[in-house]
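If you want the building blocks of each chain, they are given just below.
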Amino acid sequence: MVQGERDAFGAPADVAAVLTGRPSASVYAVPGDHSLKKNPDVVGAAAASWLAEVLPA
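J.: Quick question: what am I supposed to make of the overall build of the protein chain here?
T.: Across its full length, the protein chain carries two helices and two strands. Counting from the amino terminus, the protein chain carries its helices and strands in the arrangement β-α-β-α. Along the first, second and third principal axes, the C-alpha atoms of the protein chain reach 35 × 25 × 10 Å. Within the protein chain, residue pairs in contact and separated by at least 24 positions form 54% of the contacts whose partners lie at least 6 positions apart. On the protein chain, roughly 4,000 Å² of surface is accessible, and the fraction owed to carbon and sulfur atoms is 62%.

Below you can see the structure in the form of structure tokens.
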């Protein structure tokens with residue numbers, strides 16, 4: 001999950017709490033709100049990091 005640090009629908013910590021107990025789930029907090037438009041490079045890097053974790057080498 002890529003979550004904006006100021007997302008009105010839930011802070012990254014709130015989302016992480018809901019995902020507790022799901023080993024394949026993770027939360028990447030990025031600057032911005034729900035739209036994730038503030039820093040698209042950071043959002044892309046977070047998504048790439050997640051893909052590197054879940055895809056076999």
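J.: How do you make sense of unusual backbone geometry when you look at a structure like this?
T.: Leaving glycine aside, a negative phi is the common case for residues, and trans is the common case for peptide bonds. Phi at L36 is positive, roughly 60 degrees, even though this residue is not glycine. Here L36 is to be found in the loop between β2 (28–30) and α2 (40–54).

J.: Quick question: what am I supposed to make of the side chain of Q3 here?
T.: The residue Q3 is located in strand β1 (residues 2–4) in this model. Residue classification places Q3 among the buried residues on the basis of a relative accessible area of 6%. Setting aside chain neighbours within four positions, we find Q3 in contact with G10, A11, P12, V15, V27, Y28, A29, V30 and L36.

J.: Help me out: how do you make sense of the environment of P40 in this one?
T.: Summarising the element assignment, P40 is placed in helix α2. Note on P40: relative accessible area 53%, which makes it exposed. When the C-alpha positions of P40 and D7 are compared, they lie 15 Å apart, and in sequence the two are 33 residues distant.

Parameters and conventions
- Per chain, the residues get numbers from 1 upward, laid out in the order the sequence is written.
- Local features are withheld for residues below a pLDDT of 70 in this predicted model, meaning they are given only at 70 or higher, and side-chain atom pairs are given and counted only at 80 or more; totals for whole chains, interfaces and linings count all residues.
- Side-chain measures here rest on the full set of heavy atoms in the structure, leaving out hydrogens and waters.
- Starting at the N terminus, helices and strands are each numbered in turn, a helix being any DSSP run of H or I of at least four residues and a strand any DSSP run of E of at least two.
- When checking whether two residues touch, look at their non-hydrogen atoms; a contact exists if any pair is within 4.5 Å.
- Using a 1.4 Å probe, accessible areas were evaluated by the Shrake-Rupley method; residue-level cover was limited to the displayed protein chains.
- The classification of residues rests on relative accessible area computed with a 1.4 Å probe and restricted to protein chains. Under 20% of the type maximum is buried, over 50% is exposed, and intermediate values are partly exposed.

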